[in-house]
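One-letter residues, chain by chain:
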Amino acid sequence: MTSFLQELSVQLLQKHREHFSRLCVVFPNRRAGLFFRQHIMQQIDWPVFAPQIFSIEDFVVHHTQLAVPDVLNLSIELYKAYKTLEKKETRPFIDFINWAPTLLSDFNEIDQYLVSGNEVFTYLDKVKAIQKWNLDGKPLTRFEENYLEFYNLLAPLYEQFTRQLLDKNQAYLGLAFRRFTENQNQLNFSAYTKIIFAGFNALSPAEEKLFQTFYKQGSAEFYWDADEYYVNDTSQEAGRFLRKYAASQCFGELNGIRKHFSESEKTISVVGVSGHVSQAKFAGEIIDQLANQPNTAIDFKNTALVLADEGLLLPVLNSLPQSVSELNITMGFPLKLTPVYSLLSALFQLIENANRFSNKYYHKDIVQFIQHPLIQALKNQESPVEVSQAFYSPYELKKLLEPIHSDLAACTDWETDGLDSCLKLIQLIQNHLLEQAGNTEQTLNAEYLYHFTLLIRRLKDLLADLNESSSLQTVKHLFRMLSATLRLPFYGEPVQGLQIMSLLETRTLDFENIILLSANDGLLPKGKQNKSFIPFDIRKEFRLPVYSDNNALFAYHFYRLLQRAKNVWLLYNTNNHSDGGGSKEPSRFITQLLHEMPQYSQKIRLQQQFLEIPLLPFSDNEIEVQKDESAQRQLMALAEKGFSPSSLGTYLNCKLQFYFRYILQIQEDKEVEETADAATIGTVIHEVLEQAYRPFAGNILPADAQKKLIQSARNEIKTVFAKHYQQNDLEHGKNRIVLNVIENLVERFLNTEQDFLQHLQSENRFLQIGELEKELTAIFPLANPQTGEIREVKIKGKVDRIDQIGSTHRIIDYKTGLLEPSELRCSNAGMLGEMKKPAKMLQLLIYAWLFAAENPNENLTSGIISLRQSSAYLQNIRIDGNELLSPTVISEFEAVLTALLDEILDPDIPFSQTSNADTCQYCDFKRICKK
């Protein structure tokens, strides 16, 4: 493959051999100059000075002698111009900085396209005034007045800003181009015999004027790089600008139009890959295959990894095979992708939310901060730091951070100077890294820390220059703005090894092997983004660039990159992009390629494939766990400690769930409760009701006890809630709602019971409170079926309430959840195991059996009061339609309990999955079972 720059070096050496050193070669980008010099060195065998080589921007800046500050410095200079005009009405810098970059972009385009800024913004001001014209006669609102004042300000701001910059011998690029074209005839270019413009495509009007002036003077030569495929086809947007130049002959005959697509053999693979990381992994596999081709020596400098989405840089670097010994990253490494950026962002979020929450630090922000790898590396002890409450006071935060490092809490103090806090944190980590010199990862982190130290010090200088306070909002915004524009430079041989670059950096460069990642629609080309104050119609009116111009520009870059390549892989993400950049569809350039190329050239082989991660085959086989010695020992320990109704209910619901919870004792990770969960609500209600009824224990509950009970409950709810949910704020937000819900549930129940008591009184019957939160236990003798040995199995339970009406004892369990009547109905106790949801029935029967063991021959009922269904009051279990639990029913249940315990302790019966899918719906272990 002969590249464009190689062809150019040969042509220039042949044509301008005698005056080669007096040439000036101008490229669209700086990267081209590095490769061009390399090709010159390969062509010459005599001593010669290289020509002057510039990018177009450097060429203009060099000859105008104007300095071009970065975006942040330009934004600050723009703010100074704004303050000069607005004086007392000046908005704060934090508000201004949000729209300054957009305004700078508009100014830049106005000058690049040689349009009068005053005309554009005056026209825009009038359009906006018409849009807000109050035809109804009503006065404008203050917002509408501010809106119009802003657009009225743009024209004078443009004039003031450009004048202010030029007075300091500074300019943004567009302004530098305008000054160059205005003063081109006064500039001295006598040092050059010819000025060579090579590899250009879409020119701004300023560039066109610049080129035409040199062309008319006879001092310019133009070398274009394109293919007949897209230049000769008028429907191809990639050749739109070149066709315009060819038709106008404004630069003479259009040379450099080749036939690569029709005459060269290529293999183009279009690959749909699921996810960003998968793209990077597959790219690494392609490179490894290239490196291990038999009888073929791969030259990685002819291979380029092109990233349409720069966010893929880290995954790509982590996916490169060991066969890549050299690489060159032309785009640099964005500071916003470094660990230090994420750490400082976490610090900003921690402090920002603390300000929102009245100087209380939010637990998720604390966790994000202390679990950052750079903070974890500071820990001087192995014990974990447990974040156990939703909010922390500054004192509590200090105590929490001290085990990590004694000086860490000082880094979260924003009261004195927030930027100094950032510097303290960086210094703290730097001191720690000095102790680990030699570690490659820590060396990289040290480099990141150094650059962020420079960044923050620069922020301090900028804020001092503006006389602005270092408020969190201002610092955070400027920090993000600077981090997004600054890059960590990579040092190495730029023309050696695998090349990793963005699409724009490929201009004028050619490679045999191209791997293009994230070739998705919306990323290649970008969507209809309109980050401008100038609407589309006004842009068209003044011939400013619109999105179709940008699409044509990227179409050219795309096809030009492919035209000399031999092997091309176009990868796109088949998943939706979470950040809103791009869709899951391939770029329309790819669609166009697949549609047109088979008819255009028989020498190009196109192939399309989709890569997906195969799903593990689903197995219908149920999971079974045999009861080994360890499981049997754990079962006997449970038998000695006591089986509770909930544990036996779990076994009936699902034996495997019982195994996970009670044998393996697997528990979900404890999470900090921001709002009281259902379990906490239930615990609070049980304790409140216990305390409310406690004064009546052993006595008849009067029919008029309702007011006293409600008042007692109200007095206790907040205290009990605070005891079980130890957070600071119970008066606001969701926790206040939870308190209201608890109050409502308790009062509705007490009012319902009041109605029931009055009904009893009308029949001359009374309710006597017996036991509250009564613990019942019994030792169950169980014969080992294999040895005949009698084993003692303990059954235990805590009954919420036992009361009595006449000769009938009522065993009552409070529930805060919903209750289905079918859960408390069965034809006989022996059918318990066949019920769809047996747990509640089992619990009530265990309570009844335990009570009957201590109180034989008593009339007995057992039921549930669902506080969410308090109007139903007490819902008793019914065996064969009867609420009274006779000794026969108790005896039948004892047989069921015996069989259940025998099965649990039987070593030959494994723990197996349930067949009831409803049981799995809310099971904590369903991901283990893959249900």
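Residues numbered from 1 in each chain as written. Predicted model: local features only at pLDDT ≥ 70, side-chain atom pairs only at ≥ 80, totals over all residues. Heavy atoms only, no water.

**Observations regarding the overall build of the chain**
Defined as follows: Put simply, DSSP marks the helices as runs of H or I at least four residues long and the strands as runs of E at least two long, and each gets a number from the N terminus on. We compute the radius of gyration from the C-alpha atoms alone; for a globule the expected value is 2.2 Å times N to the 0.38, where N is the number of residues. Throughout, a contact is declared for two residues whenever any of their heavy atoms are within 4.5 Å. Where accessible areas are quoted, they stem from the Shrake-Rupley method and a 1.4 Å probe; at the residue level, only the protein chains shown are allowed to cover.
On a plain count of helices and strands, the chain comes out with 34 helices and 26 strands. Taken over C-alpha atoms, the radius of gyration comes to 39 Å for the chain, far larger than the 30 Å a tight globule of 931 residues would show. Counting only C-alpha atoms and orienting by the principal axes, one finds that the chain spans roughly 125 × 75 × 65 Å. Within the chain, contacts between residues at least 6 apart in sequence are counted, and of these 77% link residues at least 24 apart. In the structure as shown, the chain presents an accessible area of about 45300 Å², 48% of it carried by carbon and sulfur atoms.

**Regarding the packing of aromatic side chains**
The cut-off we apply is this: Each pair of aromatic rings taken from Phe, Tyr and Trp, with Trp reduced to its six-membered ring, is defined by centres within 6.5 Å and is described as stacked if the planes are under 30 degrees apart, edge-to-face if over 60, and tilted in the remaining cases. Residue burial is assigned from relative accessible area. The probe radius is 1.4 Å, only protein chains are included, and a residue is buried under 20% of its type maximum, exposed over 50%, and partly exposed in between. The rule is short: NZ of Lys or CZ of Arg within 6 Å of the ring centre and within 35 degrees of the ring normal puts a charge over the ring.
All told, the structure shown has 61 aromatic pairs when counted by the stated rule. Plain terms: the ring middles of Tyr659 and Phe660 are 5.8 Å apart, the flat faces sit at 50° to each other, and that makes the pair tilted. A single burial state applies to Tyr659 and to Phe660, both of which are buried. Their ring planes at 35° and their centres at 4.8 Å tell us that Phe756 and Tyr873 sit as a pair that is tilted. Taken together, the residues span a long stretch of sequence, with Phe756 in helix 30 (residues 733–762) and Tyr873 in the loop between strand 23 (859–866) and strand 24 (874–876) at a distance of 117 residues. Look at Tyr873 and you get buried, because its relative accessible area is 8%. Against the face of Phe261 rests Lys266, its NZ or CZ located 5.5 Å from the ring centre. Geometry around Phe911 places Lys627 over its ring, the cationic atom sitting 5.1 Å from the centre.

**Observations regarding the nonpolar core**
What counts here: Nonpolar cores were defined as sets of buried Ala, Val, Leu, Ile, Met, Phe, Trp, Tyr and Cys residues, with membership established by side-chain atoms within 4.5 Å.
Counting residues in hydrophobic clusters, the biggest one holds 196 residues, and the most contacted among them are Phe59, Phe197, Leu305, Phe369 and Leu425. In terms of residue count, the dominant contributor to this core is helix 15 (residues 339–356) (10 residues). Every residue in contact with Phe59, bar those within four places of it in the chain, is listed here: Cys24, Val26, Phe54, Phe180, Phe189, Tyr192, Ile195, Leu210 and Phe214. Counting 59 residues, the second-largest nonpolar core is a separate cluster that includes Val625, Leu648, Phe658 and Ile846.

**Examining the packing of helix 5 (residues 93–112) against helix 8 (residues 173–182)**
Selection rule: Each axis is a line fitted through C-alpha atoms, taken for helices only over the stretch in contact, and angles between the N-to-C directions span 0 to 180 degrees. Here is the rule for angles: anything less than 35 degrees is roughly parallel, anything more than 145 is roughly antiparallel, 65 through 115 is roughly perpendicular, and the remaining ranges are oblique. A crossing counts as left-handed when the near helix is turned anticlockwise from the far one by less than a right angle, and as right-handed when that turn is clockwise.
The geometry of helix 5 relative to helix 8 is characterised by a closest axis approach of 7 Å and an angle of 20° between their N-to-C directions. With respect to their mutual orientation, helix 5 and helix 8 come out roughly parallel. Relative to helix 8, the crossing made by helix 5 is left-handed. Residue-level inspection shows Asn108, Ile110, Asp111 and Gln112 of helix 5 in contact with helix 8, the latter providing Leu173, Gly174, Leu175, Phe177 and Arg178.

**Some words on the state of the cysteines**
For clarity, the threshold we go by: Note on terminology: disulfide denotes any pair of cysteine sulfur atoms within 2.5 Å.
Counting across every chain of the model gives zero disulfides. Not part of a disulfide, Cys411 finds its nearest cysteine sulfur in Cys422, a span of 9.0 Å.

**With respect to the pairing of strand 21 (residues 808–815)**
If a strand is regular, its side chains alternate between the two faces of the sheet. Here is the rule: Note on pairing: DSSP must find at least two bridges between two strands before they are called paired.
By the criterion of burial, strand 21 is predominantly enclosed, with seven of the eight residues buried. As paired elements, strand 20 (residues 790–805) and strand 21 share five bridges and run antiparallel to each other. Opposite Asp803, over in strand 21, you have Arg810 as the bridge partner. Note: strand 21 against strand 23, eight bridges, orientation parallel. In the sheet register, His809 faces strand 23, and the bridge partner there is Leu860.

**Examining the environment of Ser886**
Take Ser886: it is sitting in the loop between strand 25 (878–879) and helix 32 (887–905). The partly exposed category is assigned to Ser886, whose relative accessible area is 29%. Once the C-alpha coordinates of Ser886 and Ala852 are considered, the two residues, 34 residues apart in sequence, prove to be 9.9 Å apart.

**Some thoughts on helix 5**
The criterion, for reference: For a helix, the expected span equals 1.5 Å multiplied by the residue count minus one. Axes are fitted to the seven residues ending at a residue and to the seven starting at it; the angle between these axes is taken as the bend at that residue.
The end-to-end C-alpha distance of helix 5, which contains 20 residues, comes to 27 Å, matching closely the 28 Å that a straight helix rising 1.5 Å per residue would cover. The largest bend in helix 5 amounts to roughly 40° and is located at Trp99, with the proline Pro101 lying one to four residues further along. Positive backbone phi, at 55°, marks Leu114, one or two positions downstream of helix 5.

**Observations concerning the side chain of Asp225**
Spelled out, the test is: Polar contact is the term for a pair of N or O atoms within 3.5 Å; when the atoms are in protein, one must be able to donate a hydrogen and the other to accept it, and sequence-neighboring residues count only if both atoms are side-chain atoms.
Relative to the assigned elements, Asp225 resides in the loop between strand 4 (220–223) and strand 5 (226–227). A distance of 3.0 Å separates polar atoms of two side chains, one belonging to Asp225 and the other to Gln563. If we ignore the near neighbours within four places in the chain, the residues touching Asp225 are Phe4, Tyr230, Gly256, Tyr556, Arg560, Gln563 and Arg564.

**Structural notes on the sheet that holds strand 4**
The four strands are arranged 2-1-3-4 in an open sheet whose pairing can be described as parallel. Either end of the sheet is taken by a strand with one partner, and the two such strands are strand 2 (52–55) and strand 4. Taken over all neighbouring pairs, the strand axes of this sheet differ in orientation by 20° on average, direction set aside. Taken together, the four bridges between strand 1 (residues 23–27) and strand 3 (residues 194–198) define a ladder with parallel strand orientation. Paired with Cys24 across the two strands is Ile195, which belongs to strand 3.

**A short note on the pattern of salt bridges**
Our working definition: Salt bridge, as applied in this entry: a Lys or Arg side-chain nitrogen positioned within 4 Å of an Asp or Glu carboxyl oxygen.
All told, the structure shown has 31 salt bridges when counted by the stated rule. Where Asp58 meets Arg30, a salt bridge forms, and the shortest distance between an N and an O atom there is 2.8 Å. Here the residue Asp58 occupies a position in helix 3 (residues 56–64), and Arg30 occupies one in helix 2 (residues 30–43), the gap between them amounting to 28 residues. Look at Asp58 and you get partly exposed, because its relative accessible area is 23%. In this structure, Lys655 engages Glu903 in a salt bridge whose closest nitrogen and oxygen atoms are separated by 3.5 Å. With Lys655 in helix 27 (residues 655–663) and Glu903 in helix 32, this pair connects stretches of sequence that are 248 residues apart. Owing to a relative accessible area of 24%, Glu903 belongs among the partly exposed residues under this scheme. Linked through salt bridges whose partners overlap, the residues forming this network are Glu7, Asp225, Arg258, Asp510, Arg560 and Arg564.

**Concerning helix 25 (residues 629–641)**
Inclusion rule: As used here, the arc belongs to the directions running from the helix axis to the C-beta atoms.
Here helix 25 spans 18 Å end to end across 13 residues, near enough to the 18 Å set by a 1.5 Å rise per residue. Within the span of helix 25, buried status applies to Ala631, Leu635, Leu638 and Ala639. Seen from one end, helix 25 has its buried residues packed into an arc of 100°, which puts them on one side. More than 90 degrees from the buried face of helix 25, the exposed residues found are Glu629, Arg633, Glu640 and Lys641. The inward-facing, buried residues of helix 25 contact helix 27, strand 20, helix 32 and strand 26 (911–912). Following helix 25 by one or two positions, Gly642 has its phi on the positive side, about 125°.

**A look at the environment of Gln711**
Within the element layout of this structure, Gln711 appears in helix 29 (residues 706–724). Put simply, Gln711 and Met597 are 114 residues apart on the chain and 83 Å apart in space, counted from C-alpha to C-alpha.

**Considering unusual backbone geometry**
Backbone phi values are negative for most residues with the exception of glycine, while trans is the configuration of most peptide bonds. For the bond running from Leu524 to Pro525, omega is -5°, close enough to zero to count as cis. As for its position among the elements, Pro525 is in the loop between strand 15 (513–517) and helix 22 (536–541). Phi is positive for Asn169, close to 60°, though the residue is something other than glycine.

**A word on the sheet that holds strand 15**
An order of 9-14-8-15-16-7-17 is seen for the seven strands of this open sheet, with the pairing classed as parallel. At either margin of the open sheet sits one strand with a lone partner, and together these are strand 9 (327–329) and strand 17 (604–611). On average, adjacent strands in this sheet sit at an angle of 15° to one another, irrespective of strand direction. Relative to strand 16 (residues 567–573), strand 15 runs parallel, the two being bridged by four bridges. Within strand 16, the position partnered with Ile514 by the bridge is Val568. Lying on the sheet, helix 13 (residues 276–291) is in contact with strand 7 (266–273), strand 8 (303–307), strand 14 (498–502), strand 15, strand 16 and strand 17; it crosses strand 16 at an angle near 165°. Strands in contact with helix 23 (residues 547–563) are strand 7, strand 8, strand 15 and strand 16; relative to strand 7, the strand with the most contacts, it is inclined by about 130°.

Geometric descriptors of this kind do not, in isolation, establish any biological role.
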